[in-house]
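Secondary and tertiary structure notes
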Amino acid sequence: MIRIRLIPLIAAACLAAPLAAMAQQAFTSKPVNLRAGPARDYPLVAQLGPGTPVQVAGCVNGYSWCDVTLQDGNRGWVYAQNLNYPYQGNQVPLITYGSAIGLPIIAFSIGTYWGQYYRGRPWYGQQSHWAHRPIRPRPPIVRPPPPRPTPPGVFPQRPHRPGIGGGQRPPQGGARPPGNGARPPGGRPPGGGNRPGQNRPQPR
């Protein structure tokens, strides 16, 4: 009987040993919640401050949520966007660099996972309520690329205003309006156009 009871424990230890060997240390980038499953609506296990070290055992497909272990022994799931990993001299988010780092893809089984880590929790007996919840990964944050720097010695061109420039001169202010200087029809005006002395009375 003792040997039969030891078989499951030995099998669990053999499965846990490779995961412990492959676990990699990451750090929280902000205050985050440790959840009992790979979604934000699972029960809250603990709250972590920024810069908390965690051991990452693996992530679900798509690297949206990762299974982590704390230094105090607590275990749960953290959204991968909030986990940074030192990679090539930079701190990079696991949601983007999980495949490049080589983190394993793991599955989540609520019965096995909760039975191993959450016995005695107030929500442990509610597995039927949480068992069939689909994993809804959050969309990754897409940041626009930074603007390209202007090369030295190159100045941006000013926008061209229509109607100004281009070699076109405005209309001359001294142009005579049409009709000025034209003589009235019929020749000279009567009366006032005669020379002095021309309207003298003729002798009878």
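Structure first, text after, so check above.
Let me sum up the structure you'll find in this document. Note on numbering: residues in each chain are counted from 1, in written sequence order. Totals for whole chains, interfaces and linings use every residue, but because this is a predicted model, local features are given only for residues with pLDDT of at least 70 and side-chain atom pairs only at 80 or more, for both listing and counting. Side-chain descriptors were evaluated using all non-hydrogen atoms of the structure, hydrogens and water having been removed beforehand.

Things to note about the overall build of the protein
In plain terms, the rule: Every helix listed is a DSSP run of H or I at least four residues long, and every strand listed is a run of E at least two residues long, numbered separately from the N terminus. Each residue is assigned to one of three classes by its accessible area relative to the maximum for its type, calculated with a 1.4 Å probe on protein chains only: buried under 20%, partly exposed between the two thresholds, exposed over 50%. By definition in these notes, contact holds between two residues if any of their heavy atoms fall within 4.5 Å. Areas reported as accessible are Shrake-Rupley estimates using a 1.4 Å probe. Residue values count occlusion only from the protein chains shown.
Scanning the protein from terminus to terminus reveals 4 helices and 8 strands. Listed by position from the N terminus, the elements making up the protein come as α-β-β-β-β-β-β-β-β-α-α-α. When the 204 residues of the protein are sorted by exposure, 28% land in the buried category. For the protein, long-range pairs separated by at least 24 residues make up 55% of all intrachain contacts whose partners lie at least 6 apart in sequence. Carbon and sulfur atoms make up 56% of the accessible area of the protein, which totals about 15,500 Å².

Regarding the pairing of strand β7 (residues 83-87)
The condition is simple: Strand pairing requires that DSSP identify at least two bridges connecting the strands.
Sheet topology note: the strand β1 (residues 24-28)/β7 ladder contains 2 bridges and is antiparallel. Residue pairing for β7: Phe27 is matched across the bridge by Asn84. With 4 bridges joining them, β7 and strand β8 (residues 90-93) adopt antiparallel strand pairing. What sits directly across from Asn84, in β8, is Pro93. Between β7 and β8, which pair antiparallel one after the other, the connecting turn spans 2 residues, and Gln88 there sits at a positive phi close to 55°.

What about the side chain of Asp67?
Basically, it comes down to this: Side-chain atoms alone can form a polar contact between residues adjacent in sequence; in general such a contact is a pair of N or O atoms within 3.5 Å, and within protein one must be able to donate a hydrogen while the other accepts it.
Mapped onto the secondary structure, Asp67 falls in strand β5 (residues 65-69). Side-chain polar atoms of Asp67 contact the side chain of Tyr113, separated by 2.6 Å. Ignoring any residue separated from it by four or fewer positions in sequence, one finds Asp67 in contact with Gln55, Val56, Ala57, Gly58, Arg75, Gly76, Trp77, Ile106 and Tyr113.

Some details on helix α2 (residues 94-101)
Spelled out, the test is: It is the directions from the helix axis to the C-beta atoms whose arc is reported.
Those residues of α2 that sit buried are Leu94, Ile95, Gly98 and Ile101. For α2, the buried positions fall inside an angular range of 100° around the axis, keeping them on one side. Set apart from the buried face of α2 by more than 90 degrees, the exposed residues are Thr96 and Ser99. Contacts made by the buried residues of α2 are with β1, β4 (53-59), β5, β6 (75-79), β7 and β8. Gly102 occupies a position one or two residues after α2 and carries a positive phi of about 95°.

Describing the pattern of salt bridges
Keep this limit in mind: Any Lys or Arg side-chain nitrogen found within 4 Å of a carboxyl oxygen on Asp or Glu counts as a salt bridge.
In total, this model carries 1 salt bridge according to the counting rule given. With a shortest N-O distance of 2.7 Å, Arg75 and Asp67 are connected by a salt bridge. As far as the burial class goes, Arg75 and Asp67 line up, both buried.

What to know about the nonpolar core
For clarity, the cut-off: Residues belong to one nonpolar core when they are buried, are Ala, Val, Leu, Ile, Met, Phe, Trp, Tyr or Cys, and are joined through side-chain atoms within 4.5 Å.
The biggest cluster of nonpolar side chains holds 37 residues, and the ones touching the most others in it are Val54, Val56, Cys66, Val68, Leu94 and Trp114. Of all the secondary structure elements, the ones that give two or more residues to this core are β2 (32-35), β3 (44-48), β4, β5, β6, β7, α2 and α3 (110-117). Excluding its chain neighbours within four sequence positions, the residues that come into contact with Trp114 are Ala36, Tyr42, Pro43, Phe108, Arg119, Trp123, Tyr124, Gln127 and Trp130.

Considerations on the packing of aromatic side chains
Heads up, the condition is: A pair of aromatic rings is counted whenever rings of Phe, Tyr or Trp (Trp by its six-membered ring) have centres within 6.5 Å, and the orientation is called stacked for planes under 30 degrees apart, edge-to-face for over 60 and tilted otherwise.
Taken as a whole and assessed by the stated rule, the structure comprises 12 aromatic pairs. Aromatic side chains Trp77 and Tyr113 sit 5.8 Å apart centroid to centroid with 45° between the ring planes, which places their arrangement in the tilted category. You can see Trp77 sitting in strand β6 and its partner Tyr113 sitting in helix α3, a full 36 residues away along the chain. Take Trp77: its relative accessible area is 0%, and that puts it in the buried class. A relative accessible area of 8% places Tyr113 in the buried class.

Topic: the environment of Ile110
Residue position: Ile110 is located in helix α3. Each C-alpha atom, one on Ile110 and one on Gly37, is 7.6 Å from the other, the two residues being 73 residues apart in sequence. Apart from the residues lying within four places of it in its own chain, the contact partners of Ile110 are Tyr42, Gly115, Gln127, Trp130 and Ala131.

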